[in-house]
Amino acid sequence: MDLRLLSSFLAVVEEGHFKRAAARLFLSPPAVTQHVRQLESELGTRLLHRNPVSPTRAGARLAGHARTLLAAANAALDDIAEVIREPQDEVTRPLRIGIMGHGSAELTPAAINAYRRARPGVPVELRQLNFTEHVTALTEDRVDVAFVRPAPDDERVVADMLTTEQRIVAVPEASAIADAREEGVRVADIVDLPFVRVPGHTPAPFTDYLYFAHEAQRRSPDCALTPHEVLTGVITGRAAGSGLKSFARYYAWPGAAFVPVLDAPWESSYLAVRADDADPEVKIFRALTMALAPELRPRIER
């Protein structure tokens, strides 16, 4: 029996609502609905009354079993992790998670919360990464895993592709480019925008991404290391910025407009780790993130 289906079913029973259950699981309501329907199909019986949402007789009985099975699965994961943990480790080392900007949108908090549920005994530290820490946060051992974009170009780092999205530019609302926020623009339309400057030691893959492979050549007098600094330059009319489409959901600042760039190649976000890192906690986090990605990807890439 698929534990994901049981988890979705039990969340609906406990929340009494499909949408609240989806929010709790960091899934879309259609995904939770599909899980319940698949479970009903496999068992050959209706498990939930839909309006209002409540368990049927079979559903109420299954809910008790679901709690037991899910608790057993979590206990098994904890038990195995204890076996592979170094016996001399008296103090549990935290898992340090680096996040550049908004990470991989909704997938980032979903992965972190899934890891916390699976590994409640391991402390988690979240660290915000700036544009220059695309690789160095890992190679200098400041974080253990990192949500970054685009893919790092360094043999010391390996990266898993998580999401792929359309590119956007951030411009002041008063800009003529802002009038095209519905229909979009082309790279040729934005090459003369004053894109924010970044420090000279910013990794080349990131500057290629930021400046559309350097087709956009004009630079603002303002230097930026974080999305906050980019948007400060945008709303004051001094700069423009670029990002992925989900950027607009996370940074909806008054005074800033986000315009799709139709002919720019779509870009991906990644989970990066050190290539030689044998830490079992890193492996668990990586596996959980990759397991969640297929379910959340349609919601993020829409």
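Below is a summary of the structure that appears in this document.

So, how was this worked out
- Residues numbered from 1 in each chain as written.
- Predicted model: local features only at pLDDT ≥ 70, side-chain atom pairs only at ≥ 80, totals over all residues.
- Heavy atoms only, no water.
- Helix = DSSP H or I, 4+ residues; strand = E, 2+ residues; numbered from the N terminus.
- Expected span 1.5 Å × (residues − 1).
- Buried < 20%, exposed > 50% of the residue type's maximum accessible area, 1.4 Å probe, protein only.
- Polar contact = N/O pair within 3.5 Å; in protein donor to acceptor, adjacent residues only side chain to side chain.
- Salt bridge = Lys/Arg side-chain N within 4 Å of Asp/Glu carboxyl O.
- Pairing = 2+ DSSP bridges.
- Axes fitted to C-alpha atoms, helices over the stretch in contact; angles between N-to-C directions.
- Contact = heavy atoms within 4.5 Å.
- 1 Å grid on protein atoms, 1.4 Å probe; cavity = no way out; pocket = protein on both sides within 12 Å on 5 of 7 lines; lining within 4 Å.
- Points joined across faces, edges and corners; volume = space filled by probe spheres on them.
- Nonpolar A, V, L, I, M, F, W, Y, C, P; charged D, E, K, R; others polar.

Quick look at helix H1 (residues 3-15) now. In a regular helix each residue adds 1.5 Å, so 13 residues correspond to 18 Å; H1 covers 18 Å between its end C-alpha atoms and thus fits that length. Among all positions in H1, only Leu 5, Leu 6, Ser 8, Phe 9, Leu 10, Ala 11, Val 12 and Val 13 are buried. Two or three places before Arg 4, at the opening of H1, Asp 2 has a side-chain oxygen 2.8 Å from that residue's backbone nitrogen.

What follows is about the pattern of salt bridges. Per the stated rule, a full pass over the model turns up 23 salt bridges. Note that Asp 144 is salt-bridged to Arg 93, the shortest N-O span being 3.2 Å. Placement of the pair is Asp 144 in the loop between helix H6 (136-139) and strand E5 (145-148) and Arg 93 in the loop between helix H4 (57-84) and strand E3 (95-100), with a sequence separation of 51 residues. By relative accessible area, which is 41% here, Arg 93 ends up partly exposed. With a shortest N-O distance of 3.3 Å, Asp 141 and Arg 274 are connected by a salt bridge. Remark: Arg 274 occurs in strand E12 (residues 267-274) and Asp 141 occurs in the loop between H6 and E5; sequence separation between them is 133 residues. A relative accessible area of 13% means that Arg 274 is categorised as buried.

Before going further, it helps to examine the pairing of strand E4 (residues 124-129). Both E3 and E4 contribute to a ladder of six bridges, which runs parallel. Considered in E4, the bridge of Met 100 is made with Leu 129.

A word on the sheet that holds E4. Spatial strand order, E4-E3-E5-E12-E6: five strands in an open sheet with mixed pairing. Both outer strands of the open sheet, E4 and strand E6 (157-165), are each paired with one neighbouring strand and no more. Strand-to-strand, the axes of this sheet are offset by a mean angle of 20 degrees, without reference to chain direction. Sheet topology places E6 next to E12; eight bridges connect them, and they run antiparallel.

Attention now goes to the side chain of Thr 289. With respect to the secondary-structure elements, Thr 289 resides in helix H11 (residues 280-300). On the basis of relative accessibility, which here comes to 0%, the residue Thr 289 falls in the buried class. Those residues within four positions of Thr 289 in sequence are excluded, and the remaining contacts are Leu 107, Ala 111, Phe 147, Leu 162 and Leu 271.

Gaps left between atoms show up when a probe the size of a water molecule is rolled over them. In this structure, the largest pocket spans a volume of roughly 820 Å³. Lining the largest pocket are 24 residues, and of these Leu 3, Ser 7, Leu 70, Asn 74 and Arg 117 lie nearest its centre. Contributions of two or more residues to the lining of the largest pocket are made by H1, helix H2 (18-25), H4, helix H5 (107-118) and H11. Split by residue class, the lining of the largest pocket holds 14 nonpolar, four polar and six charged.

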